[in-house]
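Fold and contact review
Okay, here's what each chain looks like letter by letter:
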Amino acid sequence: MKTIQEPARQIPLYGEYEVVVLGGGPAGIIAAVAASRAGRRTLLIERYGFLGGMGTAAGVTNFCGLHANVHGEMRRVVQGIASDLLARIERLGGLNAPHLVLGKILAQAYDTAAYKIAADDLLGAAGVDILFHALGAGVAMRDDRHIEALFVETKAGRQAVRAEIFIDCSGDGDLAAWAGAPFEVGDDQGHMLYPSMMFRLNGIDPEKAGDAWRTIPALMEKAEAAGTHKFPRKAAIVRPQRRPIEWRVNFTQLKREDGSAINGLEPDDLTRGEIDGRRQALAAFEFLRSVPGFEQSYIIDLPPQLGIRETRRIIGGYRVSGEDVLGCASFEDSIGVNGWPMETHVAGDVIFTFPPIPESRGYNELPYRMLVPQGVDNLLMAGRCASMTHEGQSAARVSGACFVMGEAAGTAAALALSGNTIPRDIAVEKLQDTLRQQGAFIGRDQKVPEGL
Ligand SMILES: Cc1cc2nc3c(=O)[nH]c(=O)nc-3n(C[C@H](O)[C@H](O)[C@H](O)COP(=O)(O)OP(=O)(O)OC[C@H]3O[C@@H](n4cnc5c(N)ncnc54)[C@H](O)[C@@H]3O)c2cc1C
């Protein structure tokens, strides 16, 4: 590759914080609130002008992983600060009642506008400083193991932000990778979960459409057998939002020419994925217009970006695995739980694999060690880039587990600062006590919360 030399320059210092969180998705929102509520001067940096991460920027519009199927009974196992966020979305009229998925687990749809506003309010109430429209672009290291500052590109040019502890909630592990933390990408052959371009339809006749989410997969099979259509994947998810004239469509699958998944770390792949994603959305829409109740529908939203499920996974003190998910693993350093099954987006299909239900308790614990990277001392990571195997990440990447990880990371950063130590060395029992006091359910011998 040809290169050019960038001249050395002095970078203005935007600010000095105790905690800086990169990325305002589900993990980053809750991490920033947790650190700030604990009294730490906290800045959240986000490249877009709104919060929510894939949940808003990629049009996901549906929370998975808030619940677990505990011996056949549904329970909301993600509590703590996430409950405050959900209550705010609910107050704005933007939260659906939970709905059943595959007869085994609950998910809960929401309106993206309500999510964005509720997240702004939550951070505002907690006193978090926010810097929108700032793309994290690199780090300056104090030494091999300590990040001195994060560089961000803004409309006012490049700026630097200093912090005592950084939390990488970029989803892609950008900050951790720049700081030199080890990471993995994909399965043992480098295959990543396939991305999708989500979209939403409006103008649906709810009476006529009925529970079309049950019949659409069979209609797709019929259309393929008749040779009239060829779909990018099976297992299309087409379901109503809070106002049932509006439905979300999770139907597409984006690949390279060689059939492998679009790589969310490669600009040319992302460009192709965005354009192909919109093409696939249009083709899916044209098919859906043949479904009873959808005749007058139209595309009301194509989100700002392609939905990326998996890129870098930073290696920490423990990697949560597929066996941990299916075996409902317990950990002494548990900081919360994941009740979502493995959900692997493979070529042409989506495969869900559940722990045994109702025999098992239906959730695995998430260890604090998955948030603590190897090699860098003033850094934590939370969300889909935390320390998991490819299979483990296919489950614990969903919003519920990201909320859990965010709350633990923000709280751990505050505890490290007050104990004058590094995140790796904090007393985990203290973290667990604090999380419980904040209303979180961390598993262990804590009673599983009642209700939904
Ligand atoms: C198509 C699709 C469908 C999905 N369906 C569901 C579902 O139904 N339910 C569910 O719960 N989960 C679903 N998921 C998974 C879930 O949305 C994500 O795994 C989750 O949002 C990850 O949260 P996060 O906070 O780790 O990262 P993200 O949500 O990816 O958020 C990261 C944030 O960091 C910002 N950022 C990244 N890099 C930088 C940088 N360098 N500088 C500044 N900002 C940066 C991004 O703009 C973003 O706001 C889906 C994902 C996809 C892609």
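Right, let's walk through the structure included here. As the structure is a computational prediction, the values presented were derived from the model and not from experiment. (Residues numbered from 1 in each chain as written. Predicted model: local features only at pLDDT ≥ 70, side-chain atom pairs only at ≥ 80, totals over all residues. Heavy atoms only, no water.)

**Quick word on the site of the ligand**
Convention followed: When at least one non-hydrogen atom of a residue lies within 4 Å of a molecule or strand, that residue is treated as near it. Distance and chemistry together define a polar contact, namely a pair of N or O atoms within 3.5 Å, with one atom able to donate a hydrogen and the other to accept it when in protein, and with adjacent residues in sequence counting only for side-chain atoms on both sides. Throughout, the Shrake-Rupley method with a 1.4 Å probe supplies accessible areas, and for residues the shown protein chains are the sole cover considered. A helix here means a DSSP run of H or I that spans at least four residues, while a strand means a run of E at least two residues long, and both kinds are numbered starting from the N terminus.
If you check the shell around the ligand, you find 34 residues, and the closest are Glu46, Asn62, Cys64, Arg397 and Ser399. Here a nitrogen atom of the ligand sits 2.7 Å away from a polar atom, N or O, in the main chain of Asn62. The backbone of Arg397 places a nitrogen or oxygen atom 2.5 Å from an oxygen atom of the ligand. Computed on the free molecule, the ligand has an accessible area of 1000 Å², of which 97% lies beneath the protein chains in the complex. Mapped onto the shell around the ligand, the elements with two or more residues apiece are helix H1 (26-37), strand S3 (62-64), strand S9 (135-143) and helix H11 (399-418). For the shell around the ligand, the element with the highest residue contribution is S3, accounting for 3 residues.

**As for H11**
Threshold: To estimate the expected span of a helix, subtract one from its residue number and multiply by 1.5 Å.
Over its 20 residues, H11 extends 29 Å from the first C-alpha to the last, a length consistent with the 28 Å expected when each residue adds 1.5 Å. Count one or two residues on from H11 and you reach Asn420, which has phi positive near 55°.

**Description of the packing of H1 against helix H3 (residues 81-91)**
Applicable threshold: An axis is simply a line fitted to the C-alpha atoms; with a helix, the fit covers only the stretch in contact. Between two such axes, the angle follows the N-to-C directions and lies from 0 to 180 degrees. In these notes the angle categories are as follows: under 35 degrees is roughly parallel, over 145 is roughly antiparallel, 65 to 115 is roughly perpendicular, and the rest is oblique. The crossing is said to be left-handed when, going from far helix to near helix, the turn is anticlockwise and less than a right angle, and right-handed when the turn is clockwise. The contact definition used throughout considers only heavy atoms, calling two residues in contact when any of these lie within 4.5 Å. Basically, the charged four are Asp, Glu, Lys and Arg, the nonpolar ten are Ala, Val, Leu, Ile, Met, Phe, Trp, Tyr, Cys and Pro, and anything else, Gly included, counts as polar.
The N-to-C vectors of H1 and H3 enclose an angle of 115°; their axes lie 10 Å apart at closest approach. Taken together, the axes of H1 and H3 are roughly perpendicular relative to one another. You can see that H1 and H3 cross each other, and the crossing is right-handed. Across the interface between the two elements, Ile30, Val33, Ala34 and Arg37 of H1 pack against Ile81, Ala82, Asp84 and Leu85 of H3. For the contact of H1 with H3, the class distribution of residues is 6 nonpolar, no polar and 2 charged.

**What about the sheet that holds strand S7 (residues 105-109)?**
Let me state the cut-off plainly: Pairing between strands requires that DSSP locate at least two bridges from one strand to the other.
With antiparallel pairing, the 3 strands of this open sheet are ordered in space as S3-S7-S6. Edge strands, defined here as strands with exactly one partner in the open sheet, are S3 and strand S6 (99-101). Each neighbouring strand pair of the sheet contributes to a mean axis angle of 40°, computed without reference to strand direction.

**Digging into the packing of H3 against helix H4 (residues 112-126)**
It is at 8 Å that the axes of H3 and H4 come closest, and there the two elements cross at 130°. What the angle tells us is that H3 and H4 run oblique. Seen from above, H3 lies across H4 with right-handed handedness. Here Ile81, Asp84, Leu85, Arg88 and Ile89 of H3 lie close against H4, whose contacting residues are Ala114, Tyr115, Ala118, Ala119, Asp121, Leu122 and Ala125. When grouped by side-chain class, the residues that make up the contact of H3 with H4 number 9 nonpolar, no polar and 3 charged.

**Looking at the pairing of strand S10 (residues 146-154)**
Here 7 bridges tie S9 to S10, and the two strands are oriented antiparallel to one another. Across the sheet, the residue bridging to Met141 is Ile147, located in S10. Alignment of S10 against strand S11 (residues 157-168), held across 6 bridges, turns out to be antiparallel. Bridge pairing links Val152 to Gln159 in S11. Count of turn residues in the S10/S11 antiparallel hairpin: 2 residues.

**Section: the pattern of salt bridges**
Basically, it comes down to this: Criterion for a salt bridge: a side-chain nitrogen of Lys or Arg within 4 Å of a carboxyl oxygen of Asp or Glu. Three exposure classes are used, based on accessible area relative to the maximum for each residue type with a 1.4 Å probe and protein chains only: buried under 20%, partly exposed in between, and exposed over 50%.
Inspection of every chain in the model, using the stated rule, returns 33 salt bridges. Residues Arg162 and Glu16 are paired through a salt bridge, measuring 3.0 Å at the closest nitrogen-oxygen approach. In this pair, Arg162 is assigned in strand S11 and Glu16 in strand S1 (residues 13-22), connecting sequence segments 146 residues apart. For Glu16, a relative accessible area of 47% corresponds to the partly exposed category. Across the salt bridge formed by Asp301 and Arg200, the nearest N and O atoms sit 2.9 Å from each other.

**Things to note about the packing of aromatic side chains**
Selection criterion: Between 30 and 60 degrees the pair is tilted, below 30 it is stacked and above 60 it is edge-to-face, where a pair is any two Phe, Tyr or Trp rings, Trp via its six-membered ring, whose centres lie within 6.5 Å. Remark: a charge is flagged as sitting over a ring if the NZ atom of Lys or the CZ atom of Arg is within 6 Å of the ring centre and within 35 degrees of the ring normal.
Applying the stated criterion to the full structure yields 13 aromatic pairs. Plain terms: the ring middles of Phe63 and Tyr115 are 5.3 Å apart, the flat faces sit at 70° to each other, and that makes the pair edge-to-face. Taken as a pair, Phe63 in strand S3 and Tyr115 in helix H4 lie far apart in primary sequence, 52 residues in all. You'll find Phe63 and Tyr115 in the same group, each marked buried. Clustering of aromatic rings is evident, with ring pairs tying together Phe63, Tyr110, Tyr115 and Phe403. Sitting over the face of the ring of Phe50, Lys116 holds its NZ or CZ atom 4.3 Å from the ring centroid. Arg312 extends its terminal NZ or CZ atom over the ring of Phe183, reaching a point 5.2 Å from the ring centre.

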